[in-house]
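# Secondary and tertiary structure notes
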Amino acid sequence: MATAVTQKGDFWVMAKKMVDKLKEKPTKYEDLEDKFSPDKSFEELFTNIWSMKEAHSMLVPELVVDEKSDSEAIKFRNEGNTWYRKRELTRALELYNLSIKKAVHPVLPVPPNPPTLPEYDDQVERTPILPSSYGGSDSKKHKVLAMAFGNRSAVLYEMKYYCKSLKDIDTALELGYPEEMAEKLEARRARCLEADATRRHEEETPLGIETSPTKDIAKRSTPTTFAQKLNERLTLSHVFLDDLPLPRIQNVNDKAPNLSSAVKVAHFPNKGRGLVATRDIATGEVIGVEKAVCVNIDKDELDSYCSYCLRHCFNPLPCPGCCKVGYCSIDCRNKSLTEEHWLECKLQPTMIKLGLQNRQMIYLLVKNCTFHKIKSLWNMAKGIRHDSPEKRGCDADGLYHSSSYNSIYHLCDNLEKQTFGVLFTHCRMAFTITKLLEKSGRFFIHRPGKKFSPTRDDLLTTGTILLSQALKVYYNPYEIMDLRLKKSIGGGIFPALSLFNHSCNPSTKHYCIGRSIVHRAVRPIKAGEELTDSYMSDFYDKPLEARRKFLENYLIKCDCEACRYEWPVYDNLNSVEFICVGCQVNSGGSLAVCDQCIERGLFPERDLGENRFVKERSERAWSTIFKTLKIGLWMNNKGYLPQKDFEYLCNSITLIRESVLPPCQIVCDASNVLLRAFELGS
């Protein structure tokens, strides 16, 4: 889960000023606790904030316009040239990227909108909301943009990214690169082709087999500047970075396509919906794979990642309409423009200024959303009723799918548990975003380019939906992690994977591949056992009080064994203690039999050190432990794991889990080795 958003930005200033104004009349402020209490519906809550004159006078922001400018683009390009001459290539590349994003872009034809979701085809309006072209200028020549691409191709060539340099050369020529200078680009193209051919030849062995894709991977640390990010990126293999395969679920659940048939949705009295194993699940088995319904990249990472697929992208293609986002390919740009970015493009600069950029998912939960579409989906989701709580979020046929708005509508919002402060804050947030949607000219529309003036009821409906989605976004996000840099770059909503309940000692682990998340078992799971995930660090990384304080933000009281028995953090754990082969309960120390079993005469004929069964089991377990940790060290050095070693690793984890008494350091180490193997795509 994503952590709470830092409260910085104009919205939080405006919200505080509104509270200060209300407190000037203490009785009026005290009355608000009744108006914004959890026994009210979303409709009542938003109607109450909409009726406050203080909100209309203090929570209406100005729409920030961040237009493209050739003059600004030229300044960035000239500064980049200065750094290029100094051979500071990373700084030059950063400035050329800014020049490309800022330069006026030609008009792009927009591909047809993706089809409406099948389950709503006959109920939701199908009129495309996008115009036939997107942003930019009708001019046939875009010299400023072309020059920026041409200069960037020089940096990419120097960095030995020949294929990327070739793409920039082609783009520069298509955009109208000056004819008198085109000869330089053609010469660079010839050098790129020659150098790329030479490199491909050198990377092949005499047998024609490519060498290890992880050669010369350097130690990694979290970068803090663009240059550090880029240098980190350049040390890593193309295969490891860009071609990590998305694992497949072996047997797909016929009622929940993003989950395995090995699980089913169940209802727990104190936790709500969750997942239960329908059969024994093996270590390493894929439990769920889901692409985010919507994602949001942190504003500090927009320059480094594709805004659609979230791939690390240091040479982005620009959005034709705004200066904020970039894409790794034409395909990602087309998908983003037609699915989600059209509204975001207009509002993102304002959301960043308000300090609400990480809350853009509030209105991005519906792709291509307009007022009429989201109203239709909302009303339909409200109208679907199921007898059992396990089927909440399913459509009329009992299917739970991310593409259905029903699954989003029924995500946990904890409305009945909210405090006045949380509800009042989210009401003000929904009010502000409603005003922004009204100002954007892209939400209240009948058809492309045809706005209409919303009525009061239209605005109240919009705010009600946004308020509901604001709480869902707060309680159900997953962090999007960059596996290489081990850091969060944003968040996403995954309705199916949100069904995993929390445990500080989880049975599954999740990891990110682009905008998808994969869940896999990290230990054997018995039929009938609940599947859990950790919404934060595991028990051995944080002490109990720190975990409890974090989980309070999400109204979670964890009752897992690590919390019940107050398991210590890693440094205070025993290295290893085997489960007693006699009673299967107590610790057998380092030789797998406990003192009580010895006293009961479990092994009366022989001395413990001579007992063959105990000795053989101990030696086998120790051998497995040492080989598992050795695999972990080997992976860290090499950066990949062959399939046969991955299978051995999964079997070893199973043996360790069956032989070793938790909590101990060996079990924690083994889990981390396995997660690392998952992340490497094994």
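Position numbers for residues start from 1 in each chain and track the written sequence from start to end. Local features in this predicted model are restricted to residues of pLDDT 70 or higher, and side-chain atom pairs are both shown and tallied only at a pLDDT of 80 or more, whereas totals for entire chains, interfaces and linings draw on every residue. For side-chain calculations, the full set of non-hydrogen atoms in the structure is used, while hydrogens and water are omitted.

Right, let's get into the nonpolar core. By size, the foremost hydrophobic cluster in this structure holds 127 residues, and its most contacted members are Phe36, Ile49, Met52, Ile281, Tyr405, Phe424 and Leu531. In this description, contact between two residues means that some pair of their heavy atoms is separated by no more than 4.5 Å. Residues within four places of Met52 in sequence aside, it is in contact with Met18, Leu22, Leu32, Phe36 and Phe424. Only buried residues count toward a nonpolar core. Its members are Ala, Val, Leu, Ile, Met, Phe, Trp, Tyr and Cys residues joined through side-chain atoms within 4.5 Å. Partly exposed residues are those whose accessible area sits between 20% and 50% of the maximum for their type, while under 20% is buried and over 50% is exposed, using a 1.4 Å probe and protein chains only. Listed in part, the 32 residues of the second largest apolar core include Leu244, Leu649, Leu675 and Leu680.

Put simply, DSSP marks the helices as runs of H or I at least four residues long and the strands as runs of E at least two long, and each gets a number from the N terminus on. Tracing the sequence through the fold places His142 in the loop between strand S2 (133-134) and helix H7 (143-158). Judged by its relative accessible area of 7%, His142 is buried. Excluding residues within four positions of it along the chain, His142 makes contact with Val104, His105, Pro106, Ser137 and Leu175.

Each residue carries a pLDDT score, the predictor's confidence in it, ranging from 0 to 100. Across the protein chain, pLDDT averages 83, with 84% of residues at or above 70. The low-confidence segment residues 2-6 (pLDDT under 50) makes eleven contacts with residues lying over four places distant or belonging to another chain. The low-confidence segment residues 229-242, where pLDDT is below 50, has 43 contacts with residues more than four positions distant or belonging to other chains.

Look at helix H6 (residues 89-102) against H7: their axes get within 9 Å of each other, and the N-to-C directions meet at 155°. The angle between the axes of H6 and H7 places the two elements in the roughly antiparallel class. With respect to the hand of their crossing, H6 and H7 are arranged in left-handed fashion. Residues Leu89, Ala92, Leu93, Tyr96, Asn97, Ser99 and Ile100 of H6 form the contact with H7, whose own contacting residues are Leu145, Ala148, Phe149, Asn151, Arg152, Val155, Leu156 and Glu158. By the convention adopted, Pro, Cys, Tyr, Trp, Phe, Met, Ile, Leu, Val and Ala count as nonpolar, Lys, Arg, Asp and Glu as charged, and the other residues, Gly among them, as polar. A per-class count over the contact of H6 with H7 returns ten nonpolar, three polar and two charged. Note on method: axes are straight lines fitted to C-alpha atoms, helices fitted across the in-contact stretch only, with angles between N-to-C directions ranging 0 to 180 degrees. Angle categories are assigned with fixed cut-offs, so that under 35 degrees is roughly parallel, over 145 is roughly antiparallel, 65 to 115 is roughly perpendicular, and the rest are oblique. By the definition used in this description, the sense in which the near helix is turned from the far one sets the handedness, with an anticlockwise turn below a right angle giving left-handed and a clockwise turn giving right-handed.

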